[in-house]
Amino acid sequence: MRNILIIAAFVLVIGGALARFADQKVEMPAVPAARAAVQPAVSGRSLTLAADRGGHFKADARIAGRSIDFLVDTGASLVIVRESDAAKIGIRPMRSDYTATVSTANGKIKAAPARIDRVEIGGLRVDDVPALVLPDAALSQNLLGMSFLSRLKRYEYANGRMVLEQ
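Reading guide: rules and limits
Residues numbered from 1 in each chain as written. Predicted model: local features only at pLDDT ≥ 70, side-chain atom pairs only at ≥ 80, totals over all residues. Heavy atoms only, no water. Helix = DSSP H or I, 4+ residues; strand = E, 2+ residues; numbered from the N terminus. Buried < 20%, exposed > 50% of the residue type's maximum accessible area, 1.4 Å probe, protein only. Contact = heavy atoms within 4.5 Å. Salt bridge = Lys/Arg side-chain N within 4 Å of Asp/Glu carboxyl O. pLDDT = per-residue confidence, 0-100.

Novice: Just give me the short version of the side chain of Asp85, but keep the residues and values in it.
Specialist: Residue position: Asp85 is located in helix α3 (residues 83-88). For Asp85, a relative accessible area of 11% translates into the label buried. Discounting residues that sit within four places of it in the chain, Asp85 has contacts with Ile68 and Asn142.

Novice: Requested: an account of the pattern of salt bridges, with residues and values cited.
Specialist: Following the criterion strictly, the structure yields 10 salt bridges and no others. Between Arg115 and Asp128 there is a salt bridge, with the nearest N and O atoms lying 2.9 Å from each other. Here the residue Arg115 occupies a position in strand β6 (residues 107-121), and Asp128 occupies one in strand β7 (residues 124-134), the gap between them amounting to 13 residues. Residue Arg115 is classed as partly exposed on the basis of its relative accessible area, which comes to 48%. Under the relative-accessibility criterion, Asp128 is labelled partly exposed at 40%. The residue Arg154 makes a salt bridge to Glu156 at a minimum N-O spacing of 3.2 Å.

Novice: I'd like a rundown of the confidence of the model for the protein chain, residues and numbers included.
Specialist: Of all residues in the protein chain, 73% have pLDDT values of 70 or greater, and the mean over the chain is 80. Looking at the elements of the protein chain, mean pLDDT is at its lowest for helix α2 (residues 33-36), recorded as 36, and at its highest for strand β4 (residues 79-82), recorded as 98. Residue range residues 4-43 is modelled with pLDDT below 50. Its contacts to residues more than four positions away, or to other chains, number five contacts.

So this is what it looks like as structure tokens:
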């Protein structure tokens, strides 16, 4: 009986130590360009965002070589881009393209469906992202919605931080 208790205590100590190490972020060394083709793609990239004073999470994204600010919004079905920022990344819908009706806190508004070739935030990258373009007057901030977030491995809110993982 004594041996069983000693073994059980040993298993608990080892299990606790392994659990602590499993939660730590592991940095992978850079792979030289010549070897990159034979190496599998590195997975498990993550980005941690801290909440601002208002409790919101903001992210700076790279789209078409431009830096665009977004508010992370799990309640938005799609990525939503203001007209002025859409023009910066080469999306310029005509008035006739505003065919989608969107319900906002300020009522219903017309939006133009669009696709963004690539959205990069930190080391995270999502290609071919469905989006909507809204007039600047209808929206004070671009929204990083579920058409981006749902394509990540996970997104999680805990202790005033949001973790995005690919």
